Each structure stands twice: as C-alpha cells, then as structure tokens.
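Breakdown of the fold
Letter by letter, the chains look like this.
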There are 2 protein chains.
Amino acid sequence: MSLAECDRYLEEREQEHLEAIQEFLRIPSVSALPEHQGDVRRAAEWLADYLRRIGVPQVELLPTERNPVVFGAWHVDDAQPTAMIYGHYDVQPPDPLDLWTSPPFEPQVREDKLYARGASDDKGNVMVALQGVEALVRTQGRPPINLKFFFEGEEEIGSPSLPAFMPNHREKLACDFIISADGGQPSLDQPGVTLTAKGIAACQVNVRTADTDLHSGMFGAAVPNAAQVTAHLAASFHTPDGRVAVEGFYDRVRELSEEERAELAAAQASAGPYWEKVGAPALWGEPGYSPGERVAARPTLDINGIWSGFQGEGVKTVTPAEGHFKITCRLVADQDPEEILTLIERHVEKHCPPWATATVERFPGSARPFGIRRDHPALKTAMEVLEQIFGKPPVIARQGGTIPVAEIFQRELGADMVFFAFGTPDGNVHAPNESMRLESMRRGRRAYCAYLTALAK
Amino acid sequence: MSLAECDRYLEEREQEHLEAIQEFLRIPSVSALPEHQGDVRRAAEWLADYLRRIGVPQVELLPTERNPVVFGAWHVDDAQPTAMIYGHYDVQPPDPLDLWTSPPFEPQVREDKLYARGASDDKGNVMVALQGVEALVRTQGRPPINLKFFFEGEEEIGSPSLPAFMPNHREKLACDFIISADGGQPSLDQPGVTLTAKGIAACQVNVRTADTDLHSGMFGAAVPNAAQVTAHLAASFHTPDGRVAVEGFYDRVRELSEEERAELAAAQASAGPYWEKVGAPALWGEPGYSPGERVAARPTLDINGIWSGFQGEGVKTVTPAEGHFKITCRLVADQDPEEILTLIERHVEKHCPPWATATVERFPGSARPFGIRRDHPALKTAMEVLEQIFGKPPVIARQGGTIPVAEIFQRELGADMVFFAFGTPDGNVHAPNESMRLESMRRGRRAYCAYLTALAK
C-alpha cells in the first residue's frame, strides 16, 4: 500500500528534510520586535517557496494589516473534502539570550533533538506537515484530498490582523475543516487530541508617581515610589492562596463535571505531570483543582513581566517615578476577553493608591476560548490515525495554550479545527533552548501521510 | 580687605571657570558601570591636574582597591589649623537617557543653570571650592590655613574601598576637620548647615521559581511565577499606611525631641517643601511625621529598581523564572547598617513563599549615620560666613542623603565634617536634567574665600 512508499521516501529524504527545517529556523522571524519586520517577511517568502517546491499549484502571500498570510490551494477532486492546514511562521522573542546553550537562530542537533527558537513552535511542526504532504505528492502524484494552506505571521503576538482579514477572504479560505500544525502531543509515546484551547486577553499596567526619577535621600521619605506602587499593584492580582483576585473573574467559568474531571485525570495520568520537571520548589495555583485541571480547564492571570527603576549592576539610590507590568489571562468557556480586560481596569482603579496614577493599556490579539465537538468526523479520523501510528489510543486533552485563530476560523468560516502536531512538552517552547525531537518529526511526517489518506472518501 | 580682591578675581575669571567645570563634566565618570572604568580614571587625572594648576605643591593619586583618591596637601603655617576639603569626582549613571533635554555629558547652560550629570553632584561643587581656593592663592600667594584635598571616585557606589583605605593613610590624611564640598544649600536665598546625614545599607533580592522561563499556557496555571513572587516580596516591605514592615527596623531609632522638631520645622519652613514640586499625586511616607521630618530624621527603606520577565514591546506569554529588586535603606542614629541588612534577610526568609527561593545579596558601601556636635568651632565659623554671604542666618539642617565618608572620617581620623556646598534642591541630582545654578556657583566660590580666611587664627 501507498503508505509504505511514503515511509521509504521519508527515510531516504530525512537529512534533506532536516536541513530544510534548519534553513527555515535560521530566519529570526520574531513578530513581537519591530526590528525583525524584514525577517518576518523573509520567512513568509521562504515558506511560500517551499509550498511551490512541493508542487502546490496556487501559492500566494495575502497581505494583512501587518504580516502576510502564506496561502496555498490544491484542488484535486470535487468528491473529496477540503482540509486547510494551519500553522505560523513567526516565533517568540529569544531572550534571555544568555540562557541558550547554542544561539537561538543557529539550529543545532544534540542527542536526537533539534534546538532553535521555533524548532517546535511552530516552524518545526509546520515543516513536518508539509514534508508529509510532499511524500504523498511524490509517491502518488497528488494529495488524496483537496488541500488549502494557511500560515500566518502573527500568532505569537495574538493574531491581531486576522479578525479584519478573515471576512474579506471567506470564499478563498472556504474549507470543511482545519488541521492545525500548531500544538503538540502529550509525550513521545502517548498521542492525544485537543478538545479545547484557552482564550487570551493581554494588557500592560503603567504606573506613575512623579515627573522624574528622584534622589532617594532627598525625596524618598516624602514622595511615593513607583517601584513600590508597581509591586503592590502587581501583587494585588492574586489572593495569598492562589486565586485570581479580580472581582468577577470567575463569574462566567463553566465548572467541570465529575465526568470531565475523570477524563482529564486519565489524559494527564498518561501524559505525566510535565510541570513537575521545571525546577520549581513547589507547584502553585488556584486551590481546589489539581495542577492538570488548572492547566487544562481553569482560567489564569499571569504577570509576564514587571519593571521599574534601576536594573544595572550595583547600587543606584533612586526613587523611581514610573513602573510597568504586563498581564496575560488564559481564558476558558464562557469567559469573554474584552469583559475580562474591563474587570482588570476596574481592579487597577480600585487598588491604585491615591499617591499614584495607573493606566491599563489593552493589547490587540484577544481571543475567545476554543472548543470542537467530540463526534466531529475529522477529529475521530485523527484519533484512529494517531492510535495506528503510536500504537495506543489518544487521550482527549484540553490545551492550556491559546490558538487565537481556532476561534476565529470557527466564527468566520464555520470550520472546526483538529490539532495535529507533534512537539512534546519537554520542548521549552517560548523559553530558552526550545527544541523538537527528531523522533517526533519522523512520526509527524508519517502521521500526516496517514491522516490525509484516511480523510479521503 | 583681601576678599574684595578675591571677588574681583572671580568676576574676571567667571567664563574661564565655567569652561573648566564643563571640561570636567564631559568626562562620563560613572562609577556604577564597569564600562566607564577608564572615564573614572580620566576624571581623577583631570582633577589632579587642576590642583596642580592652582598651585597645590603636593598632588598624587592614591590607589584604592577600585578608584584612586585624588589627594593634595599644602602646608603653610604650623600655627594654623589644617582643613581637608572633601568631594567626589564620580557621578551617578545617567539613565533614563530619553528624559534628558540635552545629553548628560554635553554640558549646556540654559537660563542661568548649567545642565549635566554631575553639575551639582559633585563635580560642580568640587570645582566651586577649588576655584575659591584658586582666588585666594592668586590674590594672596597662598591659602590662609593649611589645606588638604581628598576627592574620591566611589561616592556614588557607597565608597566601598574607603574603609580598607583609611587605616593605611591616617598620617597623610591627618587634619583638624573636614570641609565637605558635597551637599547643598536649602535654597538659593537661604543658607544652611548640616547637623546630621543619614547612613545607608544596600542589597538586592534575587527570586527564583523554576530553572527557566516557561510558556504561560502550558505551565502558568501549575507552576509559580517569579514576577508575581517578586512583586509580593517587594510589596511586603511596607505596611499599607507607609511604615517599613521589617521587624525591628525602628528599634534603635532615636525619637526626635519637641525641641528638635521645632528646629526642623523652622529649617524647613525657610527652605520650602521642595518635595511638593515633583509632580506626585500625593505625598507618601511614614505616618506620624511631617514629610520634612521624614526626610531629615526618619529612616526609610526604598526600592530602587525591580525587574522580572519580559519588558519588550507588546505581548510575550511567558511565566518568568526569576526576578530581582534592589533596596537601599536610609538610616538614622543609632541604626546599624549591617544589623538592618540582617533584619532584611530575616524578613525575606519569613515572607518568601515555599514555592520560590529568595536570596539577599549585600552590596558593599554600607555607612552608619553621621552627626557633628552643635558647638564645633568650624561649624560655628561656617554659620557666621554663610550669614555674611547670604544676608541671613543659616538654618540647622539634617540631610536626607548619605555621605558615607563623613562617618568613616569621624571614625578613622577623629575629624568632624562641616558641609559647605552650594547646590540647591531643584538641581535634579541622581535624576535626568541634573543642573547647578550659575548664581550658586558664584556665591560658592566667594563663600570658600571667606570661610578659609575666617578659619585662620
């Protein structure tokens, strides 16, 4: 049967495929940093070229307000369904740079892992999907179903351009469902499918206590200190026992049923508590829920950064005049990101002392939580294929992360998303020394061959 | 009389004197930043040259563990007292750079003020003293009393090398009292002398919650967040009403007598509440004391900087693994800096939650609080001269700032310090747009001529 041919093709091309991934990873397409604007564009063009090399007949860069969408289409048969493969070519900023063993944009293989920013999230996963498609095309002349490709360049900043982009491209993007090459597997040995992903809301709080930084000896005893107000405000967002202290934050959250808790426990028992391997002196979070339940199905408020005053070496006797901190919230059904940001604004207003001013700056890229129904045919097929590839049935998981487009696609195209990606939780995504296992890549390419084949009627 | 000659000399040389100050200010001698090591050395050499130009017969750079002391001696008469003029040639870091109207190391005169980092603190004040000495020397052939000069290069980092340096140079530095060219006047019209200066203790708290920064979606709900722990710890150092919350912090503090409070109120009524002009929405500090009492005579704990996680533009969905904040305490009699740092360590130990580790890194440069007795002859003479120059009697002030050497000189040489410097509180010392009024400079040079003359027996 044809899959054996695919396997042989992939085995023969493994080195070549790895080199192509490394070439892609060398482009520092950091969407959050304006100085990398040109690199982001270069990554888009590189990816479009790769689609053309595979043989995709229609490839184009669709402009958005910011970074282009790399789009491709290959219609093979009216009788077959149309799947659109989704992923992103932008990456997270690499800092702190000094914690990387090898430089983030100089990919390096060590002990069966490829290290680089984007190795897992998401360039590695995107390339694995495309190299699976390539194997089908080279061995069978064409893909078994109709394919579209949609690779965006703003996922790591919350896909801010997509809400305006989608309504203008409904026809071009029309499809039966989406296959996401962004996501991952619970472990190297345990497959999983995703039932939900969290929403997100992001903002920055800006604090000011004086016109300018002041000498702490002449002023510190008399005037407010922005570093202290910033710390006080940032600390006010959680109760001592770990709940989010923003009034109304949990009001719309759907409680887990006993059945859902059992399913989650099963999913996590097999995946293993990866969060125990990060060197934390103890776990921490909302009381009343297991760490796994919290990651999968409870909303959080995370302070991603805080800064005020002097950060250099040694001593500077200054009373800082301004301070800042960044917040992201991970949201679950039925929380609404804009409503959450309004609650945060109210919280800041209530907790800012009269000797300071504090403003909340909303960031674009809010996303509602996402969910797919349990009996969706493309989800069921994915589960069958994963069982075949991994040799055991997939667990049904709920993602702690956010795929903003999942909810946008659902709303704008009426198309549900099946997550079909192959990174593992030890891949340090969004952190120094990001990696992807070569074994995950091999398995991922084969899985794409099998999945697209199985989806054909 | 000779002072009229001095005045004429100073009037004629005013432009030349200003240019010399500007030349000195162009050297970015930032002692806190290792990259300015060479500039610090250059400033020391420049200052030694200036002493030689005045005619000081013995000038040398005395090496310390870090930055040299610029030393000079001019013995004129065994029957006269020996005064040692103290100051420093190092400056604070200039950041944040974007808040400066003109670059910090390109001095600029605007509306009778000279703007530059160090314009007041302390290069401007040092030069004013030396140009006063120069006027005496040029008009009378020699200074009226025996002089020594001691200009250090580590004041802005807490004079860490001096405690080890002093015991080895007791003979060379022997003097009857010290005149400090570091300090200032309460206002342009109101003279003042300093009775006390605060001590200082400095440290940095380092927080860690995991081996590496983590993806907030995959880990944020399960593991601790270093930015949040850092904010919590930093916020724990003050009670909501503004007292320092470190147990035992106030135990050794001498309470002000009613008489002292009245004296302080008088001093501050004339100086004016300069802390009200910094753009703070409200004043803030320890309850039960006026802002002026707090600045003058109450100890404080100041957070000078805090940082953790992502500080770039936009959003990064990261759970930070480490955080830091810097503390300085301003101390009053009879607090002991090392004991205070021990209390801070205990506080951190007590308030650090079990899901994080926190360590306290003590910075060198602790200083005990300083005080001079009210009837010291050099202090009384200074008060008479200031009354003559300003036309009104000086107030007796207590400095909110710290001059570590004041206490070191007292301990090591048995010599008390008289503060005799001419910057004003609107000079933005340690902040952007530092300046010194040209009028203060003129008055300062004349005051030095008069003071050194009056000190002669």
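This is a predicted model, so every value here is computed, not measured. (Residues numbered from 1 in each chain as written. Chains lettered and ligands numbered in written order. Predicted model: local features only at pLDDT ≥ 70, side-chain atom pairs only at ≥ 80, totals over all residues. Heavy atoms only, no water.)

The full count for this structure, using the stated rule, is zero disulfides over all chains. A:Cys203 takes part in no disulfide bond, and the closest cysteine sulfur, belonging to A:Cys329, lies 6.8 Å away. (Disulfide = S-S within 2.5 Å.)

Residue and element names in this part refer to chain B. For the pair helix H2 (residues 14-25) and helix H14 (residues 438-455), interaxial distance at closest approach is 12 Å and the crossing angle is 110°. By the criterion of interaxial angle, the relationship of H2 to H14 is roughly perpendicular. Residue-level inspection shows Glu14, His17, Leu18 and Ile21 of H2 in contact with H14, the latter providing Leu438, Met441, Arg442 and Arg445. For the contact of H2 with H14, the per-class residue count stands at four nonpolar, one polar and three charged. (Axes fitted to C-alpha atoms, helices over the stretch in contact; angles between N-to-C directions. Helix = DSSP H or I, 4+ residues; strand = E, 2+ residues; numbered from the N terminus. Parallel < 35°, antiparallel > 145°, perpendicular 65-115°, else oblique. Contact = heavy atoms within 4.5 Å. Nonpolar A, V, L, I, M, F, W, Y, C, P; charged D, E, K, R; others polar.)

Right, let's talk about the interface of chain A and chain B for a bit. If you look at the interface, chain A gives 86 residues, while chain B gives 85 residues. When chain A packs against chain B, the two sides together hide about 7400 Å² of surface, and 59% of this comes from carbon and sulfur. A per-residue breakdown of the area chain A buries against chain B is headed by A:Trp284, A:Val315 and A:Lys316, which together make up 9% of the total. At the junction of chain A with chain B, the criterion picks out 31 residue pairs in polar contact (both at pLDDT 80 or more). Among the elements of the structure, strand S9 (199-208), strand S10 (214-215), helix H7 (216-219), helix H8 (226-235), helix H10 (291-297), strand S11 (300-309), strand S12 (318-319) and strand S13 (322-331) of chain A are those that each provide at least two residues to the side of chain A that touches chain B. With ten residues, the top contributor of residues to the side of chain A that touches chain B is S11(A). Of the residues contributing to the side of chain A that touches chain B, the split by class is 46 nonpolar, 29 polar and eleven charged. Bridge count for S11(A) against strand S11 (residues 300-309) of chain B is five bridges, and the pairing is antiparallel. Bridging across to S11(B), A:Ile306 finds its partner in B:Ser308. (Buried area = accessible area lost by both parts, 1.4 Å probe. Polar contact = N/O pair within 3.5 Å; in protein donor to acceptor, adjacent residues only side chain to side chain. Pairing = 2+ DSSP bridges.)

So, on to the domain arrangement of chain A. Residue and element names in this part refer to chain A. Here chain A is partitioned into domain 1 (2-197 + 370-455) and domain 2 (199-272 + 289-362). For domain 1 and domain 2, the distance between their C-alpha centres works out to 32 Å. Each partner contributes residues to the interface: domain 1 has 14 residues there, and domain 2 has 14 residues. Taking both sides of the interface into account, the surface hidden between domain 1 and domain 2 amounts to around 1100 Å²; carbon and sulfur atoms contribute 49%. Looking only at domain 1, the three residues that lose the most surface to domain 2 are Arg398, Gly400 and Thr402, adding up to 49% of its buried area. Run the count over domain 1 and domain 2 and you get two salt bridges. Put simply, glutamate 260 and arginine 398 hold a salt bridge, and the shortest N to O gap is 3.0 Å. At the junction of domain 1 with domain 2, the criterion picks out four residue pairs in polar contact (both at pLDDT 80 or more). Contributions of two or more residues to the side of domain 1 that touches domain 2 are made by strand S8 (192-197) and strand S16 (395-399). (Domains from an automatic or database assignment. Salt bridge = Lys/Arg side-chain N within 4 Å of Asp/Glu carboxyl O.)

With that settled, the discussion passes to the relation of the copies chain A and chain B. Each copy superposes on the other: chain A lies on chain B with an RMSD of 0.1 Å after a rotation of 180° and an axial shift of 0.0 Å. As the rotation angle and translation indicate, the two copies are arranged about a two-fold axis. The overlap is high: 98% of the interface residues of chain A also sit at the interface in chain B, so the same surface is used on both sides. (Least-squares fit on C-alpha atoms with pLDDT ≥ 70 in both.)

Before going further, it helps to examine the sheet that holds strand S7 (residues 177-180) of chain A. Residues and elements named next belong to chain A. Reading across from one edge, S1-S2-S6-S3-S7-S17 is the order of the six strands in this open sheet, with mixed pairing throughout. Edge positions in the open sheet fall to strand S1 (58-62) and strand S17 (416-419), since each of these has one partner strand only. Strand-to-strand twist of the sheet, defined as the mean angle between neighbouring strand axes without regard to direction, takes the value 20°. Bridge count between strand S3 (residues 82-88) and S7: four bridges; the pairing is parallel. Paired with tyrosine 86 across the strands is serine 180, a residue of S7. This element, helix H14 (residues 438-455), spans S3, strand S6 (146-152), S7 and S17 of the sheet and lies at about 170° to S7.

Here we come to the packing of aromatic side chains. For the coordinates displayed, the defined rule picks out 34 aromatic pairs over all chains. The interplanar angle of 45° and the centroid separation of 6.1 Å between the aromatic rings of A:Trp355 and B:Trp284 together place this pair among those described as tilted. Residue A:Trp355 is found in the loop between helix H11 (337-351) and strand S14 (357-362), and its partner B:Trp284 is found in the loop between helix H9 (258-271) and helix H10 (291-297); the two belong to separate chains. Residue B:Trp284 is classed as buried on the basis of its relative accessible area of 12%. Ring centres of A:Phe420 and A:Tyr448 lie 5.1 Å apart, and the angle between their planes is 80°; on these two criteria the pair is classed as edge-to-face. You can see A:Phe420 sitting in the loop between S17 and strand S18 (435-437) and its partner A:Tyr448 sitting in helix H14, a full 28 residues away along the chain. Taking relative accessible area as the criterion, A:Tyr448 reaches 0% and is therefore assigned buried. Counting every residue linked through ring pairs, the aromatic cluster contains A:Tyr86, A:Phe150, A:Phe165 and A:Phe409. (Phe/Tyr/Trp six-rings, centres within 6.5 Å; stacked < 30°, edge-to-face > 60°. Buried < 20%, exposed > 50% of the residue type's maximum accessible area, 1.4 Å probe, protein only.)

All names here are of chain B. Its place among the elements puts aspartate 78 in the loop between strand S2 (69-74) and strand S3 (82-88). A relative accessible area of 69% places aspartate 78 in the exposed class. Through-space distance from the C-alpha of aspartate 78 to that of valine 133 is 19 Å; in sequence the pair is 55 residues apart. Only 2.5 Å separates the side chain of aspartate 78 from the side chain of histidine 75, close enough to count as a polar contact.

Let's shift gears to the sheet that holds strand S5 (residues 113-115) of chain B. Residue and element names in this part refer to chain B. The three strands lie next to each other as S4-S5-S18, forming an open sheet whose pairing is antiparallel. Strands at the two margins of the open sheet, each flanked by one partner only, are strand S4 (108-110) and strand S18 (435-437). Mean inter-strand twist for the sheet, computed between neighbouring axes without regard to direction, equals 25°. Here three bridges tie S5 to S18, and the two strands are oriented antiparallel to one another. When the sheet's bridge partners are listed, leucine 114 is paired in S18 with methionine 436. Most of the contacts of H14 go to S18, to which it runs at about 60°, and overall it touches S4, S5 and S18.

A few words now on the environment of A:Asp95. Its location among the elements puts A:Asp95 in the loop between S3 and strand S4 (108-110). Distance from A:Asp95 to A:His430, taken between C-alpha atoms, is 9.4 Å for residues 335 residues apart in sequence. Beyond its immediate stretch of four places on either side in the chain, A:Asp95 contacts B:Phe310 and B:Lys316.

A few words now on helix H3 (residues 37-54) of chain B. Residue and element names in this part refer to chain B. Taking 1.5 Å of rise per residue, 18 residues should cover 26 Å, and H3 covers 27 Å from first to last C-alpha, within 8% of that figure. Along H3, the residues classified as buried are Asp39, Val40, Ala43, Ala44, Trp46, Leu47, Ala48, Tyr50, Leu51 and Ile54. Remark: glycine 55 follows H3 within two positions and exhibits a positive phi of approximately 115°. (Expected span 1.5 Å × (residues − 1).)

Let's shift gears to the pattern of salt bridges. Residues and elements named next belong to chain B. Tallied over the full model, the rule gives 64 salt bridges over all chains. In this structure, lysine 172 engages glutamate 60 in a salt bridge whose closest nitrogen and oxygen atoms are separated by 2.6 Å. Of this pair, lysine 172 sits in helix H6 (residues 170-173) while glutamate 60 is found in strand S1 (residues 58-62), placing the two residues 112 residues apart along the sequence. Judged by relative accessible area, which is 28%, lysine 172 ranks as partly exposed. Residue glutamate 60 is classed as partly exposed on the basis of its relative accessible area of 23%. Arginine 117 serves as the salt-bridge partner of glutamate 434, at 2.7 Å between the closest nitrogen and oxygen. Separated by 317 residues along the polypeptide, glutamate 434 in the loop between strand S17 (416-419) and S18 and arginine 117 in the loop between S5 and helix H4 (123-140) bring together distant segments of the chain. Assigned by exposure class, glutamate 434 and arginine 117 land together as buried.

Here we come to unusual backbone geometry. Residue and element names in this part refer to chain A. Here aspartate 121 and aspartate 122 are connected by a cis peptide whose omega angle stands at 5°. Positionally, aspartate 122 belongs in the loop between strand S5 (113-115) and helix H4 (123-140). Here the bond from alanine 333 into aspartate 334 is cis, since omega is 5°, no more than 30 degrees from zero. Position of aspartate 334 among the secondary structure elements: in the loop between S13 and H11.

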